[in-house]
Each structure stands twice: as C-alpha cells, then as structure tokens.
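Listed below, chain by chain, are the residues.
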Amino acid sequence: MTQTGRLSAKRSKPSYVMAVIGVALVLFLLGLAGLLVIQANNLKIHFKESIEIQVILRDNIRSQDAQALEDTISHLPFTKSVSYVTKDQALQNYKKDFGDDPDTLLQYNPLYASINFFAKADYVNADSLKNIENYLTQHDIVREVYYRKDLVNTLNGNVKRVSVIILALSVLLALVVIILIDNTIRLAMFSNRFLIKTMQMVGATRWFIAKPFDLRSIWNGLISALVAIAGLLGVIYAVEKNMPEFNSNQNLVMTILLLLCMILIGICISLLSTHRSVMKYLRLQLDELY
Amino acid sequence: MAESPIAELRNVNIYQSNALILGNVNLAVSKGEFVYLVGKTGTGKSSLLRTLYGDLPLREGEGRVVGFDLSQITWKTVPYLRRNLGVVFQDFQLLTDRNVHENLGFVLRSTGWKDKERMEEKINDVLDKVGLKTKGFKMPFELSGGEQQRVDIARAMLNSPKLILADEPTGNLDPETSDDIMQLLFQIARDYGTSVIMATHDYIVLQKFPSRVLRTEQGKVVDNATVSFA
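Now for a look at the structure at hand. (Residues numbered from 1 in each chain as written. Chains lettered and ligands numbered in written order. Predicted model: local features only at pLDDT ≥ 70, side-chain atom pairs only at ≥ 80, totals over all residues. Heavy atoms only, no water.)

## Quick notes on the interface of chain A and chain B
Size of an interface, as often reported, equals the accessible area lost when the parts are brought together.
Turning to step 1, where the next piece is worked out: The interface of chain A with chain B comprises 21 residues on the first partner and 28 residues on the second.
Turning to step 2, where the next piece is worked out: Carbon and sulfur atoms make up 62% of the surface buried where chain A meets chain B, a total of about 2,200 Å² over both sides.
Turning to step 3, where the next piece is worked out: A per-residue breakdown of the area chain A buries against chain B is headed by A:Met201, A:Val202 and A:Phe208, which together make up 27% of the total.
Turning to step 4, where the next piece is worked out: Counting across the chain A and chain B interface gives zero salt bridges.
Turning to step 5, where the next piece is worked out: Where chain A packs against chain B, one counts two residue pairs in polar contact (both at pLDDT 80 or more). (Contact = heavy atoms within 4.5 Å. Buried area = accessible area lost by both parts, 1.4 Å probe. Salt bridge = Lys/Arg side-chain N within 4 Å of Asp/Glu carboxyl O. Polar contact = N/O pair within 3.5 Å; in protein donor to acceptor, adjacent residues only side chain to side chain.)

## Some details on the pairing of strand E3 (residues 34–38) of chain B
All names here are of chain B.
Turning to step 1, where the next piece is worked out: For E3, the buried fraction is high: five of the five residues fall into the buried class.
Turning to step 2, where the next piece is worked out: Neither face of E3 is left uncovered, since the one carrying Phe 34, Tyr 36 and Val 38 and the one carrying Val 35 and Leu 37 both have all their residues buried.
Turning to step 3, where the next piece is worked out: Where E3 and strand E9 (residues 212–217) come together, four bridges link them in parallel fashion. Counterpart to Tyr 36 in the pairing with E9 is Val 213. (Buried < 20%, exposed > 50% of the residue type's maximum accessible area, 1.4 Å probe, protein only. Helix = DSSP H or I, 4+ residues; strand = E, 2+ residues; numbered from the N terminus. Pairing = 2+ DSSP bridges.)

## What to know about the pairing of strand E4 (residues 60–65) of chain B
All names here are of chain B.
Turning to step 1, where the next piece is worked out: Note: strand E1 (residues 7–16) against E4, five bridges, orientation antiparallel. Following the sheet pairing, Arg 10 is matched in E4 by Glu 62.
Turning to step 2, where the next piece is worked out: Pairing geometry for E4 and strand E5 (residues 68–69), over two bridges, is antiparallel. Considered in E5, the bridge of Arg 64 is made with Asp 69.
Turning to step 3, where the next piece is worked out: Following E4, the chain reverses through two residues before pairing antiparallel with E5; Val 66 in that reversal takes a positive phi of roughly 35 degrees.

## Concerning the pattern of salt bridges
Turning to step 1, where the next piece is worked out: Per the stated rule, a full pass over the model turns up 21 salt bridges over all chains.
Turning to step 2, where the next piece is worked out: Here B:Arg10 makes a salt bridge to B:Glu8, at a shortest N to O gap of 3.5 Å.
Turning to step 3, where the next piece is worked out: With relative accessibility at 43%, the residue B:Arg10 sits in the partly exposed group.
Turning to step 4, where the next piece is worked out: A salt bridge links B:Glu62 to B:Arg10, with the shortest nitrogen-to-oxygen separation between them at 3.8 Å. Highlighted residues: B:Glu62 in strand E4 and B:Arg10 in strand E1, separated in sequence by 52 residues.
Turning to step 5, where the next piece is worked out: With a relative accessible area of 52%, B:Glu62 lands in the exposed category.
Turning to step 6, where the next piece is worked out: Bridged by salt links that share partners, the residues A:Lys130, A:Glu133 and A:Lys149 form one connected network.

## Observations regarding the packing of aromatic side chains
The geometry of two aromatic rings is summed up by the distance between their centres and the angle between their planes.
Turning to step 1, where the next piece is worked out: Inspection of every chain in the model, using the stated rule, returns nine aromatic pairs over all chains.
Turning to step 2, where the next piece is worked out: Arranged with centres 5.3 Å apart and planes meeting at 65 degrees, the rings of B:Phe34 and B:Tyr36 form a pair that is edge-to-face. Here the two residues B:Phe34 and B:Tyr36 agree in accessibility, since each one is buried.
Turning to step 3, where the next piece is worked out: Between A:Lys149 and the ring centre of A:Tyr147, over which it is positioned, the NZ or CZ distance is 4.9 Å.
Turning to step 4, where the next piece is worked out: Against the face of A:Phe190 rests A:Arg193, its NZ or CZ located 3.9 Å from the ring centre. (Phe/Tyr/Trp six-rings, centres within 6.5 Å; stacked < 30°, edge-to-face > 60°. Lys NZ or Arg CZ within 6 Å of the ring centre and 35° of its normal.)

Listed below in structure tokens is the structure:
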C-alpha cells in the first residue's frame, strides 16, 4: 500500500516538473535573444573597427614627414590605432600575401609607403570617412586615402537590418514566451480543478485556496528562471572561450539586468497564469468542471 | 414557540443556465430531522441541494439555510454558509494529494481554526465517530469506497454543522457498506441533533431506514409523509 502511495505521489508531480522545465526553456530562449541584442552592439563595434584605412604616401618623401603625419593621425579623435608601413615593409607584406616579388620583375619597388589606421566605430560611416579622407588628402605627402567604401556601406546597411530583425524577433519571442508559459501552467492547473472545487465546497475562501498555489507558482517561476540563467551562463562561458571578441564584461550591467529581468518575467508570468487559472476554476460551477 | 427551520425554501424556482428545473419549491426542514430527497436522475435533486449549499444562485423566491439568506449570498459570503453546513458527495471528493488527517486539517485551517492541539483533538474526535481512528495516515486512494465515504462524513462533521447535505452518499457503495453509512448518518442526526437532507434513488435504503421523503418529479418537489414503492 505504501508502495502504491509513493508511486502515486510521484505520478502527481510531473505536471509541475514539466511546467518548470517548459518555463525554463522558453526563458532560456528569451535570455538568448536578450544576450544577442546586447552583444549585437559589441559585434557592430568589432566589425566597424576592423575596417582598415590606408593613407598612401607619395614617393620620395622624408621619413620624418611620414612619422610626423603618423603622430598627427594617432592624436586625432577618430583614431583607434595607427601604424606606419614603409615601402620595404609593404613589399615584404606583398611577398608574404601573394608569393611573388614585383621587384625582380620590374627592377623597382612599385609599392607606396602608407600610414594604416583603424577608426573608432562611431566614425566608420560614409559621411565621416569622407571628411577624414578630405582632411588627410590636404597634406602634401598624401597621395590618396584608401578604404573599402563598399564594405562600409554594406556593413552599416546590414547592421541596421540585423538590429531591426533581432528586435522584431525578440518581441515575437517575448509574445511566444508569455503564451507558452501561460498555456503550460494552465495545463498543470487543469489537473487541480477538482481539488480547487473541493476546497471551495468545504468553506475555504478564495484567498485561502489561491494562496498556496500562488506561493508555489512564485517558487516554480524562480526555479525556472534560475535553470534558464544557468543555461545562459553556460552559453556565455562557451562563446567567450571560442570567440574572444565576444566580451560579456563590456556589458556587465546590461547582462546582469537581463538576468534579473528573466527572474522577474519567470515569477510574474508564473504567478499571473496560476492565479488566473485558480480564479477561473473557483468561478466555475461544479458541473462545468467536467 | 416552535423553533425556526434549519432550511427553508418558499416559492423558489431553480434554474440550470436558463432552463427551469424545479418550480415553486416550498420546503422546511427542522432541527434533527432526516429527510430523503428522491426522484429519477435529472429531475433536479442535485440542483436543489446545490441551491441549498450556494453552488447555484437563488434567482427567484426566498430561501434561508442555517440562518443565511440565500438570495443575499455572494462569492464572498458563500464560504461562511458552507462552514455551517456539512456537504457529503457521491464521489467523496477528498483532496487526493494528501492523507486523511491532512484532508481534515485543511478544512479546519480553511475555516479559521488556529490552535493545533484543538485541531488534533477535533480530527481524532470525528475520525473516532466514523470508526476510522487508526486510518488518519492513509492516502484517500488507499481506502475502500466505504472508508472514503466515512472520511467524507467525518469532514462534513468537523465544524459541528446544523445541517448535512448528502448527494447520493451510497451511490457508489455495495449494500452492506451502504447500510453502515446510513446507520452513521442516522446516528449523527439522532445524537447531535443535526438535520440531514439526503438525495438518493436507492429505494432499498429508504425501506430499511424510513423517514420523511421529498420527491422531485415533473419540475415540482412533492412532500410525502411516507414513500410509496409502487
């Protein structure tokens, strides 16, 4: 008999366990989307600051002039990092990249010395780069300023598009999360409808009946959120290990805020859905439960 | 001066949704009286009981049950009406997720009991009355049908109600167990002065334990002094 009792007690639990797992899964997905939104900004900065701008210098200039320009560029507000590449270094780089030596063929080094720099993300857009280009070409020793204009335009267009898509997906996901959690909990509560009705029949007030269900839902929501957060932290750890440019410390406050939001959403949706379901069954008459 | 009835309905019309189930119902049940409510399935026995314990709202007519005006009952006040009643169901309706002792404890806590010692005393007292003093630790599904019905009756007795409403309490039981339950209900009515209204269609029970009979038929409640088995 005791054996039967234990088995039955086990049988009555899965509805709650499944609800907790279900809520944890959707919260995890929501957290992932949130993380993507936060990290999208990081990635945008990373990509923008990877575009190299080459200030190609005229031939036969004094190296002091080139170094003076390098120094000037390094102190300009838009510069992130700068390096001076001499004609010889350019030739070495060429040999390394393409494997042949133009010096042997042409009997002279056709490459130009250049000052290469990376601009800060805020300045990597068509207008700002045009201004930078105009400013630098004013210098006598500068032959031309070269950067991948098409890449800048594509990058900005794509970043805007991806941001809108991620935002739309997040809103959609949030809606799905709310509906899914609500459904999962209502399903779990459906199995309690006769229990709720019986409590009502023996003279318990609505508040007295709802209180333990509500408290349990807060607890379940919290467990779900903690499970989801554990999963998310695992993802962050794995991604950081494999992609060094993904740095959650840069957005620590936002990430903590995201995790707190997950707890809040988990508890609130769990509580509201449970309370709504209990109230629904309390309002129904006995024969409407069948 | 005669004592006022424990339950009284005057010119009451009972509806299920918008369909009239019983019209112009008049009845009065006195203290300690045992009343059968008989009639074919679907003639309104359960609807009448549900009106008495506030699950169906009283729309037309006057009704008083254990001092509560049924027309004034709302969802806020219905728990207080039920605390003065004992309701016994055909399908027992015990809380399946806890044992017998906890089932009874829940009712006491939900009806305002705080003192643990007194609660313990009361639970043991009612279990003793229904002959289940040693079964408090059992889960409902570990009990036989008759035992579950006894727990249901013990639960109904917890707050020493003036009126017990029993909806086919022997409906799911074999004849011997039914006899036990009937003896128990009669004993409660006799010893504690508790009125009992019991819906049944078990005529053998009526023969063995004769008492006043109310009959539901053709949308009316007929008050017979005795039952005819024709």
